[in-house]
Amino acid sequence: QVQLVESGGGLVQPGGSLRLSCTASGSIASIYTMGWYRQAPGKQRELVAVIKPGGITNYADSVKGRFTISRDNVKNTKVLQMNSLKPDDTAVYYCNARIVRSGSNYATDYWGQGTQVTVSS
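These figures come from a predicted structure and were not determined experimentally.

Can you help me understand the nonpolar core in this one?
Core analysis: the largest hydrophobic core is formed by 31 residues, its most contacted members being W36, L80, M82, Y93 and I99. Those elements that place two or more of their residues in this core are strand 1 (2-7), strand 3 (18-26), strand 4 (28-39), strand 5 (46-51), strand 7 (67-72), strand 8 (77-82), strand 9 (91-101) and strand 11 (115-119). A per-element tally of this core places strand 9 first, with five residues. With near-sequence residues (within four places) excluded, L80 lies in contact with L18, R19, L20, W36, V48, A49, F67, T68, I69 and Y93.

Whenever I open this one, the packing of aromatic side chains confuses me. Can you help?
One pair of aromatic rings is described through two measures. These are the centre distance and the angle between the planes. Tallied over the full model, the rule gives one aromatic pair. The ring of Y94 carries the charged tip of R45 above its face, separated from the ring centre by 3.8 Å.

Looking at this structure, I do not really get the sheet that holds strand 7. What am I missing?
Within a sheet, neighbouring strands are paired by backbone hydrogen bonds and run either parallel or antiparallel to one another. What the four strands build is an open sheet, ordered 1-3-8-7; its pairing is antiparallel. This sheet does not close on itself; its edge strands, each paired only once, are strand 1 and strand 7. Strand after strand, the sheet turns through a mean of 15° between neighbouring axes, direction not considered. Here strand 7 pairs with strand 8 via six bridges, running antiparallel. From the neighbouring strand, S70 faces strand 8, where its bridge partner is V79.

I keep staring at the environment of Q116 and nothing clicks. Help me out?
Assignment of secondary structure puts Q116 in strand 11. Overall, Q116 belongs to the partly exposed group, its relative accessible area being 39%. The sequence separation of Q116 and S7 amounts to 109 residues, and the corresponding C-alpha distance is 9.6 Å. With sequence-adjacent residues up to four places away left out, Q116 is seen in contact with G9, G10, T90, A91 and V92. One polar contact links the side chain of Q116 to the main-chain carbonyl oxygen of A91, over a distance of 3.4 Å. Polar contacts involving the side chain of Q116 include one to the side chain of T118, which spans 3.3 Å.

Honestly, the environment of R45 in this entry has me stumped. Any pointers?
Locating R45 in the fold gives a position in the loop between strand 4 and strand 5. Residues R45 and Y93 lie 48 residues apart in sequence; the distance between their C-alpha atoms is 9.1 Å. In contact with R45, not counting residues within four places along its chain, are Y37, R38, Q39, Y94 and W111.

Explain the state of the cysteines to me, please; I cannot follow it from the model alone.
A covalent bond between the sulfur atoms of two cysteines is referred to as a disulfide. Counted by the stated rule, this structure contains one disulfide. The disulfide partner of C22 is C95, and the S-S distance across this bridge is 1.8 Å. Measuring handedness by torsion sign, the sulfur bridge of C22 and C95 sits at about -70° and is left-handed. Within this pair, whereas C22 is found in strand 3, its partner C95 is found in strand 9, the two being separated by 73 residues in sequence. Taking relative accessible area as the criterion, C22 reaches 0% and is therefore assigned buried. Look at C95 and you get buried, because its relative accessible area is 0%.

Reading guide: rules and limits
Residues numbered from 1 in each chain as written. Predicted model: local features only at pLDDT ≥ 70, side-chain atom pairs only at ≥ 80, totals over all residues. Heavy atoms only, no water. Core = buried A, V, L, I, M, F, W, Y, C linked by side-chain atoms within 4.5 Å. Buried < 20%, exposed > 50% of the residue type's maximum accessible area, 1.4 Å probe, protein only. Helix = DSSP H or I, 4+ residues; strand = E, 2+ residues; numbered from the N terminus. Contact = heavy atoms within 4.5 Å. Phe/Tyr/Trp six-rings, centres within 6.5 Å; stacked < 30°, edge-to-face > 60°. Lys NZ or Arg CZ within 6 Å of the ring centre and 35° of its normal. Pairing = 2+ DSSP bridges. Axes fitted to C-alpha atoms, helices over the stretch in contact; angles between N-to-C directions. Polar contact = N/O pair within 3.5 Å; in protein donor to acceptor, adjacent residues only side chain to side chain. Disulfide = S-S within 2.5 Å.

Now the structure itself:
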């Protein structure tokens, strides 16, 4: 059994900051790409940021320069630091990870339960 547990969402004023964390637990052999996605009301889920095991990152154009993704491979944790938040950043944010379970030969995508981020004055 593998689980992704997120924390850190909430309400913040425009221009403020929030930090989202996601920890993977369970019978894990290895974790490949880790990422954050978001879904705003009435919109499709979109990629926010991803980070590969070697630390290579990729960001959506809308968050470049404002958001930073990082990972701790020992603790199986990743963090999304969000600065200069805008009302358009309001969405449910989902943690994603491609994980090989112990005893398995293939990777599976796992998702967290989602955490609400609201940017409003």
